[in-house]
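The primary structure of each chain is shown beneath.
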Amino acid sequence: NLNLYFKNSKIIGPLKYDFHLITKKEKKRKKSKKNTKNILICPSIGDHQFILNFLRLSVNFKHNYILSPHPVFTKISNKYLNLLKDKCEIKYYKNKTTYDLLKNADLVICGFSTIAHEAAFLGIPSVRILDLENPYFHDLQDKIKMVHMPEQLEKILKKDDFQFFLSNSKNIERKFYNKLDNKAY
């Protein structure tokens, strides 16, 4: 009886995090030796315009940029592609999820998104673009690099190696993933 099965089951967290645990165990990240890196851009609702403004002043043709907007906010993809196509190599894969694209990313750029945590958990560096005029919607203890000015992002994007921006994945795992103690945080 299926009801008996569900009666004895417990939900302990979002299923999407199981993907990260499996991916982390299956694949050890290899440091990319190539000069051209894949930079995953993950705008979400509310930070999309601010991120676009920064990118317009910061991107270059040194790296490949891959756009992966929040799944319910894909309508911004054409705007990003049109405004950035003359400034960088940018692509948008309509049929790929952020998690598919994350596997090949060398750096993640986001704002409010939790993808920064997920990337760090998998050993992928990430940078948050933040507007100082608005409140933070993330925990400052995550130690993910925060960028407040386009010049900061431009300097980062000129680099060949982004490992400096890798957050402590053990800290993120401890603080944000393994909360199975029935307490509210």
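Relevant structure appears above.
What you see is a predicted model, and the numbers here were worked out from it, not measured in a lab. (Residues numbered from 1 in each chain as written. Predicted model: local features only at pLDDT ≥ 70, side-chain atom pairs only at ≥ 80, totals over all residues. Heavy atoms only, no water.)

### Structural notes on the packing of helix 3 (residues 48–58) against helix 7 (residues 150–157)
So, step 1. Contact geometry of helix 3 with helix 7 gives a least axis separation of 8 Å together with a crossing angle of 55°. Classified by the interaxial angle, the pair formed by helix 3 and helix 7 is oblique. By crossing handedness, the relation of helix 3 to helix 7 is classed as right-handed. Every residue of helix 7 that contacts helix 3 at F54, L55, L57 and S58 is listed here: P150, L153, E154 and L157. (Axes fitted to C-alpha atoms, helices over the stretch in contact; angles between N-to-C directions. Helix = DSSP H or I, 4+ residues; strand = E, 2+ residues; numbered from the N terminus. Parallel < 35°, antiparallel > 145°, perpendicular 65-115°, else oblique. Left-handed = near helix turned anticlockwise from the far one by under 90°. Contact = heavy atoms within 4.5 Å.)

### Side note on the sheet that holds strand 3 (residues 89–92)
So, step 1. Strand order in the open sheet formed by 6 strands is 3-2-1-4-5-6, with parallel pairing between adjacent strands. The strands lining the two open edges of the sheet, one partner per strand, are strand 3 and strand 6 (145–147). Averaged over neighbouring strand pairs, the angle between their axes works out to 25° when direction is ignored.
So, step 2. One ladder, built from 4 bridges, connects strand 1 (residues 38–42) with strand 2 (residues 64–67); its direction is parallel. By the bridge assignment for strand 2, I41 is matched with L67. (Pairing = 2+ DSSP bridges.)

### Here's the deal with a nonpolar patch on the surface
So, step 1. On the surface, a nonpolar cluster with roughly 290 Å² of combined accessible area is contributed by L132, Y136 and L140.
So, step 2. If you trace the backbone, L140 turns up in the loop between strand 5 (126–129) and strand 6. (Patch = residues over 30% accessible without salt bridge, like charges linked within 9 Å, V, L, I, M, F, W, Y side chains within 5 Å. Areas by Shrake-Rupley, 256 points an atom, 1.4 Å probe, with all protein chains shown as cover. Salt bridge = Lys/Arg side-chain N within 4 Å of Asp/Glu carboxyl O.)

### Quick look at the packing of helix 3 against helix 4 (residues 77–84)
So, step 1. Two numbers describe how helix 3 lies on helix 4: the axes approach to 10 Å, and their chain directions differ by 15°. If you check the angle between helix 3 and helix 4, you find them roughly parallel. Considering only the axes of helix 3 and helix 4, their crossing is right-handed. Within the contact between the two elements, helix 3 uses H48, Q49, I51, L52, L55 and R56 and helix 4 uses K79, Y80, L83 and L84.

Everything listed here is a matter of coordinates, which is why it stays silent on function.
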